[in-house]
2 protein chains.
Amino acid sequence: VARGDGVDALSRAGAEAADAADPLAGFRERFVLEDPERIYLDGNSLGRLPVATRDRLAAITAEWGERLVSGWPEWIDAPARAGEAIAGLIGAGPDEVVVSDSTTVNLFKLTSSVLDARGPGALVTDRHNFPTDRYVLEGLAAQRGVELRLFDGDPEPSTLPCGPGDVVVLSHVSYRSGALADLRALQAAASERGATVVWDLCHSAGALPVDLRAARAELAVGCTYKYLNAGPGAPAYLYVAEELHDRLRSPIWGWFGQRDQFAMERPYDPEPSIRRFLAGTPPILGLAAVEEGARLTAEAGIDALHAKSVALSELLIALHDARLAPLGFTLDSPRDPARRGSHVSLRHADAWRITRALIERADVIPDFRGPDSVRLGIAPLYTRYVDIWDAVDRLAGHVARGEHEAFDATPGRVT
Amino acid sequence: VARGDGVDALSRAGAEAADAADPLAGFRERFVLEDPERIYLDGNSLGRLPVATRDRLAAITAEWGERLVSGWPEWIDAPARAGEAIAGLIGAGPDEVVVSDSTTVNLFKLTSSVLDARGPGALVTDRHNFPTDRYVLEGLAAQRGVELRLFDGDPEPSTLPCGPGDVVVLSHVSYRSGALADLRALQAAASERGATVVWDLCHSAGALPVDLRAARAELAVGCTYKYLNAGPGAPAYLYVAEELHDRLRSPIWGWFGQRDQFAMERPYDPEPSIRRFLAGTPPILGLAAVEEGARLTAEAGIDALHAKSVALSELLIALHDARLAPLGFTLDSPRDPARRGSHVSLRHADAWRITRALIERADVIPDFRGPDSVRLGIAPLYTRYVDIWDAVDRLAGHVARGEHEAFDATPGRVT
């Protein structure tokens with residue numbers, strides 16, 4: 001595979017040349033890199049720490065110490081401010097997103113609100129959707145006495161098993177295979193059948209273009225600690241299309257969703273805006289980290305990030321075909337970049353031991369997803385072409401030499 | 001009021017002498033004090049920043065940057081670790097508390113879980129309970145079609161209006177008046193009538209002794225950003241008595257409540273422990289701050305903190321009687337320290353303007369609760385006797401000179 005300049009694109013020199021030409025290369029320095037030798041391919045699980053976020057967290061901590069309760073008139077708008085910063089990354093209007101709670105709690109709130117407003121249809125998702133999404137639906141189905149309908153395989157518009165009043169929860173990108181759902185076509189198919197979709201954007205926002213308004217998407221949730229780099233357990237976000245703001249109500253009626261919050265002696269009367277989906281006191285430190293992470297992503301630009309994600313993934317897949325397939329690996333992610341998110345899953349019978357060997361012996365950090373996948377995340381803000389090349393090189397070397405065989409074959413606790 | 005040493009206890013010299021004799025005086029230096037002139041009497045709304053917490057937040061941020069996803073095997077236990085630190089402050093067993101979500105979300109989870117397990121009784125609280133507590137119950141009553149029963153006045157064991165299957169939500173300390181409920185007697189009265197109580201400890205934990213096990217309390221929630229000093233919007237906690245762990249289920253089924261969380265291809269099967277009340281990915285920075293705050297409180301000791309809180313409150317009330325009552329103030333908190341929490345509310349027709357004048361002209365920070373209360377919080381970890389004396393002195397001076405009359409009489413947005 002020769003580049004225009006005659007360099008073999010699958011050689012390390014080819015990777016170096018790609019880095020030299022990368023318009024986003026400078027963003028790597030915007031992150032804390034305590035570990036120059038480590039190759040971190042798990043940004044799809046927990047993103048790196050931006051330098052600006054480290055500084056902002058110190059500043060907001062100092063602000064708490066200094067301003068004390070007088071900080072609140074400014075902090076109180078942080079969920080909406082962070083929401084606006086994310087809105088621009090997912091094709092939402094500035095008043096359609098708030099940052100609050102966890103993805104799990106937000107999914108519960110939105111799904112529950114649809115059941116209340118549109119009547120008790122079935123709850124629908126794919127059997128292999130991310131566990132917490134499935135658990136939330138299991139719980140609501142049990143509590144409300146509605147059907148939980150799990151379907152096999154990736155969601156396809158023509159076969160999406162839903163009808164009037166149903167609520168469908170779909171991940172934009174599969175956490176396991178990296179398969180990218182056709183958000184626009186699936187939304188159209190569901191709407192046509194009278195069903196409501198709640199999108200889970202955890203594995204897409206920040207690395208891929210998402211255009212919720214253009215797809216006429218009504219509801220979405222997502223986390224901020226993967227490609228948005230907001231830190232472990234940082235607060236999640238939720239999106240509700242503006243035209244639904246006065247029709248849906250959170251099941252959790254809390255004081256931060258109350259209109260005129262500090263006139264306290266009145267019954268609950270929710271804000272007419274997206275803020276009605278807030279519940280308790282918002283986490284100010286976490287929200288500051290979300291704002292910084294979203295800002296950095298916006299500065300790089302989603303289209304540029306996506307282009308780099310595709311190029312890195314294509315390099316990884318080409319190297320897999322050349323060097324890993326002969327060692328027993330198979331590609332578990334779609335080959336078509338238009339159908340793929342920003343991580344690549346490789347299957348191997350020894351996936352667990354190989355993951356441990358990579359982490360402990362090769363300073364390459366992928367993650368393992370049972371029973372047999374090594375997941376390699378491509379965070380285009382800080383991942384280099386040479387990182388991909390070196391990771392595959394170390395991986396091929398370790399497996400070829402059988403070094404993983406020194407590790408226990410029984411999967412242990414991982415995240 | 002002469003002290004044993006002949007110093008007038010209500011003089012500034014009396015306050016200075018009390019500070020000199022205060023065994024907890026050294027704890028003030030454990031906090032960031034950027035504002036030595038400011039008198040902060042709003043620690044019951046947002047506590048000060050402990051020095052250890054500032055340092056710990058920087059360390060945990062660095063840990064994220066350095067350890068990345070490999071931090072999770074340790075972080076994953078943070079909700080239980082922080083819960084154990086709080087358990088010791090509220091008379092709970094070490095495995096009976098977790099830190100997660102907000103007070104509002106936790107109250108929703110616990111109340112909902114009782115409705116599911118024990119059948120649909122009425123939801124009962126006092127009409128003047130903290131708004132978010134009332135809103136949660138309003139929402140659950142509307143959604144479940146059960147009665148919402150609001151009663152007037154402070155809760156009393158003999159008249160608590162509840163029966164079999166009802167769920168009663170009671171604040172241990174009234175956010176408005178500071179009245180302290182008789183937790184043990186109210187719990188006994190409710191249990192005897194077949195009702196379940198969910199206690200809200202927001203305004204007591206960290207400043208007063210709470211002994212949940214001794215009172216046979218079954219359920220409780222509370223925040224960490226008041227007397228526990230964990231920062232704006234820090235995660236809240238929930239307590240479930242051990243004997244109920246296998247009988248109650250959170251309505252929000254999430255992956256952090258799942259037994260063997262990373263064996264992902266199974267239906268929901270909740271942890272047999274308190275962890276079943278977790279939902280989404282826990283906020284690691286906030287949890288670190290909760291741990292530090294709880295640790296500092298434990299180091300000082302709840303009994304010593306309570307003794308100092310009472311002494312400071314008694315001084316404040318005595319000074320009110322001597323210097324503020326003649327200016328039109330009335331005491332809105334119980335006089336009996338056994339019936340009072342750790343804040344004192346003063347009523348005055350001009351409460352709003354007086355609060356503004358104090359903050360903007362006198363560098364004294366109380367808070368306002370509509371329609372006519374100035375709330376003075378006593379955080380015994382860092383509040384000095386001279387702070388109380390100076391605050392009353394400045395307050396009396398401003399009101400006597402009519403300085404508050406320069407401020408707009410219409411209450412604005414406050415927190």
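All of the points below concern the structure found in this document. Everything quoted here is computed from the prediction, not taken from an experiment.

1. Regarding the overall build of chain A
Argument step 1. In terms of regular secondary structure, chain A is built from 11 helices and 13 strands.
Argument step 2. Expressed as lengths along the three principal axes of its C-alpha atoms, the size of chain A is roughly 70 × 55 × 45 Å.
Argument step 3. Relative to its full complement of 415 residues, chain A shows a buried share of 64%.
Argument step 4. Counting only contacts in chain A whose residues sit at least 6 apart along the sequence, the fraction spanning at least 24 positions is 70%.
Argument step 5. Put simply, chain A shows about 13,700 Å² of open surface, and 50% of that area lies on carbon and sulfur atoms.
Argument step 6. Counting 44 positive and 59 negative side-chain charges, chain A places the averaged centre of each group 2 Å from the other.

2. What about the pattern of salt bridges?
Argument step 1. Applying the stated rule across the entire model yields 78 salt bridges over all chains.
Argument step 2. For B:Arg144, the salt bridge is made with B:Asp116, and the minimal N-O distance between the two is 2.9 Å. Residue B:Arg144 is found in helix α6 (residues 131-144), and its partner B:Asp116 is found in helix α5 (residues 103-118); the two are separated by 28 residues along the sequence.
Argument step 3. On the accessibility criterion, B:Asp116 (40% relative accessible area) is partly exposed.
Argument step 4. Taken together, the shared-partner salt bridges in this structure form one network comprising A:Arg56, A:Arg81, A:Glu291, A:Glu292 and A:Arg295.

3. Quick notes on the packing of aromatic side chains
Argument step 1. One pass over the structure, following the stated rule, counts 21 aromatic pairs over all chains.
Argument step 2. Clustering of aromatic rings is evident, with ring pairs tying together A:Trp72, A:Trp75, A:Trp255, A:Phe256, A:Phe262, B:Phe130 and B:Tyr175.
Argument step 3. Above the plane of the ring of B:Trp253 lies B:Arg249, whose end atom (NZ or CZ) is 4.7 Å from the centre.
Argument step 4. In this arrangement the basic side chain of B:Arg323 is found over the ring face of B:Trp389, its NZ or CZ atom lying 5.7 Å from the centre.

4. Description of the nonpolar core
Argument step 1. With 214 residues, the main nonpolar core has A:Ile90, A:Trp199, A:Leu201, B:Ile90, B:Trp199 and B:Leu201 as its most contacted residues.
Argument step 2. Apart from the residues within four sequence positions on either side, A:Trp199 is in contact with A:Leu170, A:Ser171, A:His172, A:Ala181, A:Leu183, A:Leu186, A:Gln187, A:Ala217, A:Leu219, A:Ala220 and A:Val221.

5. Thoughts on the pairing of strand β5 (residues 167-171) of chain B
All names here are of chain B.
Argument step 1. Burial of β5 is extensive: five of the five residues sit out of reach of the surface.
Argument step 2. Side chains Val167, Val169 and Ser171 project from β5 onto one buried face, and the interleaved Val168 and Leu170 project onto a second face that is buried too.
Argument step 3. Where strand β3 (residues 123-126) and β5 come together, two bridges link them in parallel fashion. Paired with Val124 across the strands is Val168, a residue of β5.
Argument step 4. In this structure, β5 lies alongside strand β6 (residues 196-200), joined through five bridges in parallel fashion. The residue bridging Val167 from the neighbouring strand is Thr196, located in β6.
Argument step 5. Regarding topology, helix α7 (residues 183-192) serves as the crossover connection from β5 to the parallel β6, and that connection is right-handed.

6. Here's the deal with the environment of A:Asp408
All names here are of chain A.
Argument step 1. Mapped onto the fold, Asp408 is located in the segment after α11 (385-400).
Argument step 2. For the pair formed by Asp408 and Ala80, sequence separation is 328 residues and the distance between their alpha carbons is 47 Å.
Argument step 3. When near neighbours in sequence (up to four residues on either side) are disregarded, Asp408 contacts Trp352 and Arg353.

7. Digging into the sheet that holds strand β7 (residues 219-222) of chain B
All names here are of chain B.
Argument step 1. One open sheet holds the seven strands; their spatial order is β2-β8-β7-β6-β5-β3-β4, and the pairing between them is mixed. If you trace the sheet from one side to the other, it starts and ends with β2 (97-99) and β4 (148-151), each paired once. Averaged over neighbouring strand pairs, the angle between their axes works out to 20 degrees when direction is ignored.
Argument step 2. Here β2 pairs with strand β8 (residues 237-240) via three bridges, running antiparallel. For Val97, the partnering residue across the bridge sits in β8 and is Tyr239.
Argument step 3. Sheet contacts for α7: β5 and β6; angle to β6, the most-contacted strand, approximately 155 degrees.

8. A few points about unusual backbone geometry
All names here are of chain A.
Argument step 1. Put simply, Gly370 and Pro371 share a cis peptide bond, and its omega is 5 degrees.
Argument step 2. Among the structural elements, Pro371 can be located in the loop between β12 (367-369) and β13 (373-377).
Argument step 3. Residue Asp260 is not a glycine yet carries a positive backbone phi of 50 degrees.
Argument step 4. If you trace the backbone, Asp260 turns up in the loop between β8 (237-240) and α8 (284-300).

9. What about the relation of the copies chain A and chain B?
Argument step 1. By a simple turn and slide, chain A fits onto chain B: the slide is 0.0 Å along the axis, the RMSD is 0.0 Å, and the turn is 180 degrees. Such values leave the two copies arranged in the relation of a two-fold axis.
Argument step 2. In this assembly the copies share their binding face: 100% of the residues contributing to the interface of chain A also contribute to that of chain B.

10. Things to note about the sheet that holds strand β10 (residues 343-347) of chain B
Residues and elements named next belong to chain B.
Argument step 1. Reading across the sheet, the four strands line up as β9-β10-β13-β12 and stay open at both edges, with antiparallel pairing between neighbours. The open sheet has two free edges, formed respectively by β9 (330-331) and β12 (367-369), since each of these has just one partner strand.
Argument step 2. Pairing of β10 with strand β13 (residues 373-377) involves five bridges; the strand directions are antiparallel. Bridged to Leu346 within β13 is Val374.

11. Things to note about the interface of chain A and chain B
When the parts of a complex come together, some accessible area is lost, and that lost area is often used as the size of the interface.
Argument step 1. With 78 residues of chain A at the contact, the number on the chain B side is 78 residues.
Argument step 2. Both sides of the chain A and chain B interface together cover about 6,600 Å² of buried area, and 64% of this is carbon and sulfur.
Argument step 3. Inspection of the chain A/chain B interface yields zero salt bridges.
Argument step 4. Linking chain A to chain B there are 22 residue pairs in polar contact (both at pLDDT 80 or more).
Argument step 5. Mapped by element, the contributors of at least two residues to the side of chain A that touches chain B are α2 (51-67), α3 (72-75), α5 (103-118), α6 (131-144) and α8 of chain A.

12. Points about the side chain of A:Ser102
Argument step 1. Following the sequence through the fold, A:Ser102 ends up in the loop between β2 (97-99) and α5.
Argument step 2. Of note is the side chain of A:Ser102, whose polar atom sits 3.2 Å from the backbone nitrogen of A:Val105.
Argument step 3. When sequence neighbours within four positions are dropped, the list of residues in contact with A:Ser102 reads A:Ala236, B:Gly280 and B:Thr281.

13. Some words on helix α9 (residues 302-324) of chain A
Spacing of three or four residues puts side chains on the same side of an α-helix, whose turn is 3.6 residues.
Argument step 1. Regarding α9(A), the residues found buried are A:Ile302, A:Leu305, A:Lys308, A:Ser309, A:Leu312, A:Ser313, A:Leu315, A:Leu316, A:Ile317, A:Leu319, A:His320 and A:Leu324.
Argument step 2. On its buried face, α9(A) is in contact with α8, β9 (330-331), β10 (343-347), β13 and α11 of chain A.

14. Some words on the packing of helix α10 (residues 351-362) of chain A against α11(A)
Residue and element names in this part refer to chain A.
Argument step 1. One way to put it is that α10 packs onto α11 with a least axis distance of 10 Å and a crossing angle of 115 degrees. Taken together, the axes of α10 and α11 are roughly perpendicular relative to one another. α10 and α11 meet at a crossing whose hand is right-handed. Residues Ile354, Ala357, Leu358, Arg361 and Ala362 of α10 lie in contact with α11, whose contacting residues are Arg394, Leu395, His398 and Val399.
Argument step 2. Partitioning the contact of α10 with α11 into residue classes produces six nonpolar, one polar and two charged.

15. Points about the pairing of β10(A)
Both faces of the sheet carry side chains from a regular strand, because those side chains alternate between them.
Residue and element names in this part refer to chain A.
Argument step 1. Judged by how many residues are buried, β10 sits mostly within the fold: four of five residues are covered.
Argument step 2. Bridging between β9 and β10 involves two bridges; their strand directions are antiparallel. Note on β10: the bridge partner recorded for Leu331 is Leu346.

16. Notes on the environment of B:Leu238
Residues and elements named next belong to chain B.
Argument step 1. On the secondary structure map, Leu238 appears in strand β8.
Argument step 2. Judged by relative accessible area, which is 0%, Leu238 ranks as buried.
Argument step 3. C-alpha of Leu238 to C-alpha of Ile274: the two residues are 36 residues apart in sequence and 9.0 Å apart in space.

Calculation rules
- Residues numbered from 1 in each chain as written.
- Chains lettered and ligands numbered in written order.
- Predicted model: local features only at pLDDT ≥ 70, side-chain atom pairs only at ≥ 80, totals over all residues.
- Heavy atoms only, no water.
- Helix = DSSP H or I, 4+ residues; strand = E, 2+ residues; numbered from the N terminus.
- Buried < 20%, exposed > 50% of the residue type's maximum accessible area, 1.4 Å probe, protein only.
- Contact = heavy atoms within 4.5 Å.
- Areas by Shrake-Rupley, 256 points an atom, 1.4 Å probe, with all protein chains shown as cover.
- Lys, Arg positive; Asp, Glu negative; His and termini not counted.
- Charge placed at Lys NZ, Arg CZ, Asp CG, Glu CD.
- Salt bridge = Lys/Arg side-chain N within 4 Å of Asp/Glu carboxyl O.
- Phe/Tyr/Trp six-rings, centres within 6.5 Å; stacked < 30°, edge-to-face > 60°.
- Lys NZ or Arg CZ within 6 Å of the ring centre and 35° of its normal.
- Core = buried A, V, L, I, M, F, W, Y, C linked by side-chain atoms within 4.5 Å.
- Pairing = 2+ DSSP bridges.
- Right-handed = clockwise from strand over helix to strand, strands pointing away.
- Axes fitted to C-alpha atoms, helices over the stretch in contact; angles between N-to-C directions.
- Least-squares fit on C-alpha atoms with pLDDT ≥ 70 in both.
- Buried area = accessible area lost by both parts, 1.4 Å probe.
- Polar contact = N/O pair within 3.5 Å; in protein donor to acceptor, adjacent residues only side chain to side chain.
- Parallel < 35°, antiparallel > 145°, perpendicular 65-115°, else oblique.
- Left-handed = near helix turned anticlockwise from the far one by under 90°.
- Nonpolar A, V, L, I, M, F, W, Y, C, P; charged D, E, K, R; others polar.

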